[in-house]
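Coordinates in review
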Amino acid sequence: MDKILIRGGKPLHGSVQVRGAKNAALPLMAAAILAEGPCTLHNVPCLHDIFSMDKLLTSMGMSVEFTGRYMTLDASSMNSYTASYDLVRKMRASFFVLGPLLAKFKKARVSLPGGCAIGTRPVDIHLKGLEALGAKICIEEGYVVADGELTGADFAMDFPSVGATENVMMAACRAKGVTRLSNVAREPEIADLARFLNAMGARISGAGTDLITIVGVDSLSGAEHVVVADRIEAGTFLIATMAAGGDVTVLNANADHLPTCIAKLREAGGEIEVHGARIRVRAPERPKAVDLTTQPYPGFATDLQAQIMAMLTVADGVSVIRETVFENRFMQVAELVRMGAQIDLDGNSAIVRGVPALSGAPVMASDLRASAALIIAGLAAKKGETAIARVYHIDRGYERIEERLASLGADIERVND
Ligand code: EPZ
């Protein structure tokens, strides 16, 4: 098992490229199931989660070629509508194949994804949405079995779930008639998926707002698409610079997709300049404490909560962080406390009392974004060495992060334990 070792206290300088968004590429790959011709995706990040989705689609007969950041997918050879438990359990985004399989085969059998470290993560909204389109759904031996012809309908979501919005929007593309989805997620990855589906011949409008209208079509063709930049990766590098100090420019980013994060980093004393696809951050001597609440987009992203908490552990003052999207997304707290952070939990709030400095320590990664928080804390630590175990969590969502941080001047390396 690999470990990442960090000797902190060194400011970051230079520029770093942002890759394509993991949380866009995964539903885009699932959408290729709907195409009656080959699809091509550019700017696909080279991540474990992408390989997992590749394996799942291939297990159903799709042909997938992935070299560099270029991926071709051809669903014409698909011969199964079953997504097996042993593949789905490894990556819950596999559940996004349900809607496309049902639309293509009029039947689908997809393992329930189960929970994960950050919460039980039910799929009730996905299922209610597909039932609204006329699907018959039952649960058999841990699998969701869905079948039926899909008919356009109006459906209001209990909560703006990203995955449910994507699953139901993909299914509705092939429903007979018009579907109006309200109270939907507005994350940029939803609009990216809609752009790809429309390039395939779908008729979607309103993606990115809280009302999406889909006029069903009889077939969808292959299409080409460039995956949108990863706003969470961009935000992670901006926050890391604020915590470690320095002056970093993030390239190929889209600042419009980080409105609340940029506002919070400015409130914490960061100087942030946006020039097209470049975001430059100059860190203050010491970040100021800020309060924040995670919310669906365009609110502060839950996927950046652990990272900014790591920054706030060394801020000047007391910060209150409220996590409202997931029920158990403070897994990083115990490990940050081992490094000298002062954090108290009160329900879904974390009270972070800034300390002058953290010190390095052996710590354990628990989930993708908590791992990023531990790396940021290691970079900020003014003494000692931080050894992060179970780094496979971080490889799910960040490409060779240690190499890229080292190129910014961090004293960081990956060792085989
Ligand atoms: C997507 O997960 C992202 N994953 C997550 O990123 C991200 O944290 C999340 O959206 C919120 O932005 C991908 O896009 C692959 P949700 P998703 O459905 O779709 C509840 C990362 O680190 N809910 O918006 O699973 C759910 O329990 C990952 O990159 C229901 O109750 O998130 C949660 O509390 C982690 N019923 C809340 O909604 C449902 O049917 C948000 O979940 C669906 C969701």
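Details of the structure are given in the entry above.
Below is a summary of the structure that appears in this document. Please read these numbers as outputs of a predicted model, since none were measured by experiment.

Before going further, it helps to spend a moment on empty space enclosed by the protein. Tallying each qualifying case throughout the model produces three cavities of 30 Å³ or more. Taken together, 13 residues form the lining of the largest cavity, with His257, Leu258, Pro259, Gly299 and Ala301 sitting closest to its centre. Elements that contribute at least two residues to the lining of the largest cavity include exactly helix H8 (231-244) and helix H9 (259-267). Sort the elements by how many residues they give to the lining of the largest cavity and H9 lands first, with three residues. Residue composition of the lining of the largest cavity, grouped by class: nine nonpolar, three polar and one charged. Each pocket or cavity is described by its volume, and for the second largest cavity that value is around 40 Å³.

Another point: the site of the ligand. Residues in contact with the ligand amount to 23 residues; listed here are only the nearest, Asp124, Ile125, Ser161, Asp303 and Val325. Ser161 places a side-chain nitrogen or oxygen 2.7 Å from an oxygen atom of the ligand. In this structure, an oxygen atom belonging to the ligand sits 3.3 Å away from a side-chain N or O atom of Arg329. Its free accessible area being 820 Å², the ligand has 89% of it covered by the protein chains. Listed by contribution, the elements that provide at least two residues to the shell around the ligand are helix H1 (22-31), helix H5 (124-132), helix H6 (162-172) and helix H12 (368-380). Ranked by the residues each element gives to the shell around the ligand, the list is headed by H5, at three residues. Across the shell around the ligand, the residue classes tally to eleven nonpolar, five polar and seven charged.

Cut-offs and rules
- Residues numbered from 1 in each chain as written.
- Predicted model: local features only at pLDDT ≥ 70, side-chain atom pairs only at ≥ 80, totals over all residues.
- Heavy atoms only, no water.
- 1 Å grid on protein atoms, 1.4 Å probe; cavity = no way out; pocket = protein on both sides within 12 Å on 5 of 7 lines; lining within 4 Å.
- Points joined across faces, edges and corners; volume = space filled by probe spheres on them.
- Helix = DSSP H or I, 4+ residues; strand = E, 2+ residues; numbered from the N terminus.
- Nonpolar A, V, L, I, M, F, W, Y, C, P; charged D, E, K, R; others polar.
- Near = heavy atom within 4 Å.
- Polar contact = N/O pair within 3.5 Å; in protein donor to acceptor, adjacent residues only side chain to side chain.
- Areas by Shrake-Rupley, 256 points an atom, 1.4 Å probe, with all protein chains shown as cover.

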